[in-house]
Amino acid sequence: MSEDILRHRYTDGRPNLRRFHQARWDEPIIFELSREGQRGILVPEVEPGIRERVGDVLGVLPEKMRRKKPPALPELAQPQVLRHYVRLSQENLGTDLNIDVGQGTCTMKYSPKINDQLARSPKVTELHPLQPEETVQGILEVMYRFEQILKEISGMDRFSLQPGAGSAAIYTNASIIRAYHRMRGEQDQRDEIITTIFSHPSNAACARTAGFKIITLYPDEDGYPDLEALKAVVSERTAGLMITNPEDTGIYNPRIAEFVRVVHDAGGLCAYDQANANGILGITRARDAGFDLCHFNLHKTFSTPHGCGGPGAGVVGATEELVRFLPVPLVEFDGQRYYLDYDRPDSIGKIRPFYGNVSVILKAYAWVMSLGAEGLRQVAEIAVLNNNYLLHKMLEIPGVSAPYARGKHRIEQVRYSWQGLTEETGVHSEQIGLRAADFGVHYWTSHHPWIVPEPCTLEPTESYTKDELDEYVAILAHVAEEARTDPEKVRTAPHNSTIHTIDHAPLDDPSRWAMTWRAYRRKVEGKGEA
Amino acid sequence: MTRDGPMIHPYIPNSVPAIKEQMLQEIGVNDIEEFYEDIPTELRLTGLMNLPPPFLSEIELRRHVEGLLARNRTADEVLSFLGAGCYQHQVPAVCDEINQRGEFLTAYAGEPYDDHGRFQALFEYTSMMGELLNMDVVNVPTYDGFQAAATSLRMASRLTGRPEALVCGTIGRDKLSKIRDYCQRAMEIRLVPYDPKTGLMDLKSLRAMISDRTAAVYFENPSYLGFVESQGDEIAALAHEHGAVCVVSVDPISLGVIAPPADYGADIVCGDIQPLGIHMQYGGGHGGFIATRDEERYVMEYPSRLFGIAPTRVPGEYGFGDVAYERTSFAQREKGKEWVGTAAALWGITAGVYLALMGPQGMVEIGEGIMARTYYAMARLAEIQGVRVPLFHAPHFQEFVVNLDQTGKTVAEINRALLARGIFGGKDLSREFPELGQSALYCVSEVHQQRDLDRLAEALEEVVR
């Protein structure tokens, strides 16, 4: 009973495991909280003067176009709606709460509160995108200035801020590559995009969506992208190369310039997925390696919050030769006023409505303006220091390895393998992650397919202290030890989470899956309307 | 401001030299430079980037950013009648309260155990959208309504194996641009002419164009130009007769009073959730939804994540997870359906909060209230000599075309004069739809009071005189 709480803090200056328990509210589905007649918000009433003039306005709708009965939405008063969602929020582990180094490739760094506050200004939120340009000079200037910053960081000539997040930016790059070859009359001939297996899956998926065939290169024995393999696949059919560097293993491709050269020599373009740019800000630039296109994720490298999966922003940079193809409009400045330029006949057109996720762009701008060139370089250097420190500590855990590039350092993340531990104990990487959840941290394995066996991808960014990194490693070391001494405890995890082990079978069974409450009621509970 | 020694930034804890030194020592390297050993010297940047000097304190940063933003004049500070895909509505305070919670705002892609709240909140969002749309399957939001429409068409193309979509001729040209780019290698996009009197799809043309090549017939309700496409049932029937999929884009705010497209035969319904409790943000508040019936062949064509409810090993406990994950690019790379990635989840949660607050009665009242104001505005503007409104003879919801040809002035001239009177006039359509002459698209919502609409009428009368 009288447990010594200090035990859960530090021993000899080293952090101990926390007595974490995720919030567990047993919160009902919101429909179960509904009570007939309750109202959560009122809408402005129609004034008598309007009513008098228009009468029963719904009468203008043909009968078949009128809704027959009100939508069966839940009926709750305002405090109950608020409480329900605040409880749900407590059952969610934001980066603000945890040592979020476990979501590798996601760059879960600190999202400064000041930037959120600035973006919440009505001077941003209440702007309509079609307002006259003279009424939006402030926000246009922010966008223009941010583009200048991106140009300096990447070396590229122009940027579009339009794509809604990273994959949309990757798709934009694929669309630009397509437009380039079309303009040169090689659209039908050049139908292959080359990528690597350790580049984000969207490089393959988005290029495929744009109509290309995909050639995926596997690493050489040391885990580096294989130059000989590249030389073997380039041809007059090559439309382009779309890759990440450093790759999701945290390994930087030292022959990157040569990769680009080989593809250029074959007549293809090169697009740089800079999702993993956090360790190389101010260190090396896309343009210097010869790339024609690149993109950054503002919700990763540039600190804007991830919002449970968006809104983010994916900004696309192009060299002079390709600027003509960027989405419309671009933000221009004539020395006196900022304006939107739609008069770009070779543009691929629109990628999304209007100009991009402007609040996100503003937050990213504010982030750079709070750091400057020296600060950005420090971001990169400390992110890389933290990663190599974490690597050093992780490798002290028996059963952990960091496949490839043995003895070398990594840039900003590492894809580890628990293969040793799995062989010894039968406990798998995913189970280790679920047990780690019991201590209040995230953990992520890898994209598919799993080239690294029993993978685990950690990215510590610049935001965490040495103590926090030690704590994260201590959690995994503890779980690894449990896998040996009490494997059942790990296999049945999580134990301290909001909920217990989910039965995933219904999610792949068309007769039982339910993506809405109404489908659940009908299919599983046998209630509701057929 | 000057500081001695190296910069120790509040966002970068391990920049403290002693800590840095200690970490380097533990790793066994002398310098951070060693970590970059794989980057060839010729690719290394020498010296610092040429960036503006930073504002190291919050107050300096705030002054700088707010100084820039002060040059904006917001839709709140004037009287705005702009719509055309982005809408000014009442945003309940609770919507902002929830989407500002750090637990949601800063979360990302955790497991359903760490991030149960995100899964449940998004499941509830899709569930409430399902009620509004009268559909059983709704996706976790994609980027925006443009993407939702483009993906819906490609879903139809995969479902039918056919190479063509017939799209209503009144679609907004930006959205059409997106669809054309996105569908370029998958299907041809052909516009179906519209009746110049009513704006409605010309069914004779549709009959002539539709064939066994047609994957989808696409239209919008309300249309981009504000009228209600009342032939939905006939269009859907025609599509089905020819084995095509009927795709309808809808403004969810209208669905308290206007029939959901599923009721008149739509197979895939899509649209944008920005009107549901999300600020305009200069066009940065969009999220896209796609909805279908719960049929396996439809479900398997979604590229998006689909969150389903599932039991846990504790009886009665609700768990959540991805439905049919193997269809996605996360699982299958280029063999998945299109792609899935970070999009607009936080706006999905926000729209859920909005629908929970509004309830059935709120959605009916807002729909009716918008229509009443729309009809009042149209009636008031119709009193002005030389102003033709609405241009199309059809029922309208929220938006309507005002033709100004007979005033002898251009929309641009009139809007400049309105701006001088503190009014954002409707969107100039003269470049987008040259066949409509000098026309503007006006938008009215529940934020407008009678005196706002009267003020618009008076100002416009003055301006066109």
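1. Focus: the overall build of chain A
Broken down by element type, chain A carries 17 helices and 13 strands. For chain A, the C-alpha atoms occupy an extent of roughly 80 × 75 × 50 Å along the three principal directions. Per-residue burial over chain A gives 66% buried out of 530 residues. When contacts within chain A are restricted to residue pairs at least 6 apart in sequence, long-range pairs at least 24 apart make up 73% of them. A total of about 17800 Å² of accessible surface is found on chain A, and carbon and sulfur atoms cover 47% of it. Of the charged side chains in chain A, 60 are positive and 72 negative, and the gap between their average positions amounts to 5 Å.

2. So, the pairing of strand β14 (residues 439-443) of chain B
Residues and elements named next belong to chain B. Counting buried residues in β14 gives five out of five residues, a clear majority hidden from the surface. Here β14 shows two buried faces, one formed by Ser439, Leu441 and Cys443 and the other by Ala440 and Tyr442. Pairing between strand β11 (residues 399-403) and β14: five bridges, direction antiparallel. Looking at the pairing, phenylalanine 400 lines up with tyrosine 442 of β14. Taken together, the two bridges between strand β13 (residues 427-428) and β14 define a ladder with antiparallel strand orientation. By the bridge assignment, aspartate 428 is partnered in β14 with alanine 440.

3. Details of the interface of chain A and chain B
Each side of the interface is counted separately: chain A has 222 residues, and chain B has 199 residues. Between chain A and chain B we count 18 salt bridges in total. Note that B:Asp233 is salt-bridged to A:Lys64, the shortest N-O span being 3.1 Å. For the side of chain A that touches chain B, the leading source of residues is helix α12 (residues 372-394) of chain A, giving 18 residues. Partitioned by chemical class, the residues of the side of chain A that touches chain B number 113 nonpolar, 66 polar and 43 charged.

4. Focus: the sheet that holds strand β8 (residues 288-292) of chain B
Within a sheet, neighbouring strands are paired by backbone hydrogen bonds and run either parallel or antiparallel to one another. All names here are of chain B. An order of β2-β8-β7-β6-β5-β3-β4 is seen for the seven strands of this open sheet, with the pairing classed as mixed. Since the sheet does not close on itself, it has two edges, and those belong to β2 (137-138) and β4 (188-192), each with one partner. Bridging between strand β3 (residues 164-168) and β4 involves five bridges; their strand directions are parallel. Looking at the pairing, valine 167 lines up with leucine 191 of β4. Along the sheet face, helix α6 (residues 145-160) touches β3, β4, β5 (214-221), β6 (245-250), β7 (268-272) and β8 and points at about 165 degrees away from the line of β7.

5. Examining the packing of helix α6 (residues 166-183) of chain A against helix α7 (residues 201-209) of chain A
Residue and element names in this part refer to chain A. For the pair α6 and α7, interaxial distance at closest approach is 8 Å and the crossing angle is 50 degrees. It follows that α6 is oblique to α7 by the angle criterion. Considering the relative orientation of α6 and α7, their crossing is right-handed. For the pair α6 and α7, contact is made by Ser167, Ile170, Tyr171 and Ala174 and by Ser202, Asn203, Cys206, Ala207 and Thr209, respectively. Residues belonging to the contact of α6 with α7 are distributed by class as follows: five nonpolar, four polar and no charged.

6. Let's talk about the domain arrangement of chain A
Segmentation of chain A into domains returns domain 1 (30-61 + 70-90), domain 2 (128-370) and domain 3 (500-530). For domain 2 of chain A versus domain 3 of chain A, the distance between C-alpha centres works out to 40 Å.

7. A short note on the sheet that holds β11(B)
All names here are of chain B. Read from one edge of the open sheet, three strands run β11-β14-β13, paired in antiparallel fashion. Edge positions in the open sheet fall to β11 and β13, since each of these has one partner strand only. Helix-sheet contacts for helix α13 (residues 411-420) involve β13 and β14, and the interaxial angle to β14 is about 40 degrees.

8. Looking at the packing of aromatic side chains
To describe a pair of aromatic rings, one takes the distance between the centres and the angle between the planes. Scanning all chains against the criterion turns up 27 aromatic pairs over all chains. Each ring, one from B:Phe81 and one from B:Tyr442, has its centre 6.2 Å from the other, and the planes form 40 degrees; the classification is tilted. One end of the pair, B:Phe81, is in the loop between β1 (79-80) and α3 (93-99); the other, B:Tyr442, is in strand β14, with 361 residues separating them in the sequence. As far as burial versus exposure is concerned, B:Phe81 and B:Tyr442 are alike and both buried. By way of ring pairs, the aromatic residues A:Phe146, A:Phe159, A:Phe296, A:Phe302 and A:Trp367 are connected into one cluster. Across the ring face of B:Tyr182, the terminal group of B:Arg154 is positioned such that the distance to the ring centre comes to 5.3 Å. A cation over a ring is seen here: B:Arg185 above A:Phe212, with NZ or CZ 5.4 Å from the ring centre.

9. Digging into α7(A)
When you tally the buried positions in α7(A), you get eight out of nine residues, the bulk of the element. A:Gly211 sits one or two residues past α7(A) and shows a positive phi near 105 degrees.

10. So, the nonpolar core
Among the nonpolar cores identified, the biggest contains 198 residues, and A:Tyr85, B:Met129, B:Leu133 and B:Leu153 are the most heavily contacted of them. With 21 residues, the top contributor of residues to this core is helix α12 (residues 345-382) of chain B. Beyond its immediate stretch of four places on either side in the chain, B:Leu153 contacts B:Ala165, B:Val167, B:Ile179, B:Cys183, B:Met187, B:Ile189, B:Ala216, B:Tyr218 and B:Val247.

11. Quick notes on the side chain of B:Asp136
Structurally, the position occupied by B:Asp136 is in the loop between α5 (116-133) and β2. A polar contact is formed between the side chain of B:Asp136 and the side chain of A:Arg518, at a distance of 3.0 Å. If near-sequence neighbours (up to four positions away) are discounted, B:Asp136 is found in contact with A:Met515, A:Thr516, A:Arg518, A:Ala519, A:Arg522, B:Thr292 and B:Asp294.

12. Quick word on unusual backbone geometry
The peptide bond linking A:Gly310 to A:Pro311 adopts the cis configuration, its omega dihedral lying at 10 degrees. Considering the arrangement of structural elements, one finds A:Pro311 in the loop between β8 (293-297) and β9 (314-318). Residue B:Pro390 follows B:Val389 across a cis peptide bond; omega there is -10 degrees. The backbone of A:Thr105 shows a phi angle near 75 degrees, a positive value even though the residue is not glycine. For A:Thr105, the position within the fold is in the loop between α2 (78-90) and α3 (113-119). The buried category is assigned to A:Thr105, whose relative accessible area is 5%. Phi is positive for B:Gln281, close to 50 degrees, though the residue is something other than glycine.

13. A word on the side chain of B:Asp452
All names here are of chain B. Position of aspartate 452 among the secondary structure elements: in helix α14 (residues 450-464). Arginine 451 provides the closest opposite charge to the buried, unpaired aspartate 452, separated from it by 4.4 Å. When near neighbours in sequence (up to four residues on either side) are disregarded, aspartate 452 contacts Leu79, Phe81 and Val447.

14. Considering the pairing of strand β11 (residues 338-341) of chain A
Residue and element names in this part refer to chain A. With four bridges joining them, strand β10 (residues 330-333) and β11 adopt antiparallel strand pairing. Note on β11: the bridge partner recorded for valine 331 is leucine 340. Joining the antiparallel neighbours β10 and β11 is a turn of four residues, in which glycine 335 adopts a positive phi near 100 degrees.

15. Overview of helix α9 (residues 256-265) of chain A
Residues and elements named next belong to chain A. When α9 is considered as a whole, its buried residues turn out to be Ile256, Phe259, Val260, Val262 and Val263. The buried side chains of α9 occupy one side of the element, clustering within an arc of 160 degrees when seen end-on. For α9, the elements touching its buried residues are β5 (213-217), α8 (227-233), β6 (238-244) and β7 (269-273). Where α9 terminates, the next one or two residues include glycine 267, which has phi positive at roughly 95 degrees.

Quick notes on the rules
Residues numbered from 1 in each chain as written. Chains lettered and ligands numbered in written order. Predicted model: local features only at pLDDT ≥ 70, side-chain atom pairs only at ≥ 80, totals over all residues. Heavy atoms only, no water. Helix = DSSP H or I, 4+ residues; strand = E, 2+ residues; numbered from the N terminus. Buried < 20%, exposed > 50% of the residue type's maximum accessible area, 1.4 Å probe, protein only. Contact = heavy atoms within 4.5 Å. Areas by Shrake-Rupley, 256 points an atom, 1.4 Å probe, with all protein chains shown as cover. Lys, Arg positive; Asp, Glu negative; His and termini not counted. Charge placed at Lys NZ, Arg CZ, Asp CG, Glu CD. Pairing = 2+ DSSP bridges. Salt bridge = Lys/Arg side-chain N within 4 Å of Asp/Glu carboxyl O. Nonpolar A, V, L, I, M, F, W, Y, C, P; charged D, E, K, R; others polar. Axes fitted to C-alpha atoms, helices over the stretch in contact; angles between N-to-C directions. Parallel < 35°, antiparallel > 145°, perpendicular 65-115°, else oblique. Left-handed = near helix turned anticlockwise from the far one by under 90°. Domains from an automatic or database assignment. Phe/Tyr/Trp six-rings, centres within 6.5 Å; stacked < 30°, edge-to-face > 60°. Lys NZ or Arg CZ within 6 Å of the ring centre and 35° of its normal. Core = buried A, V, L, I, M, F, W, Y, C linked by side-chain atoms within 4.5 Å. Polar contact = N/O pair within 3.5 Å; in protein donor to acceptor, adjacent residues only side chain to side chain. Arc of directions from axis to C-beta.

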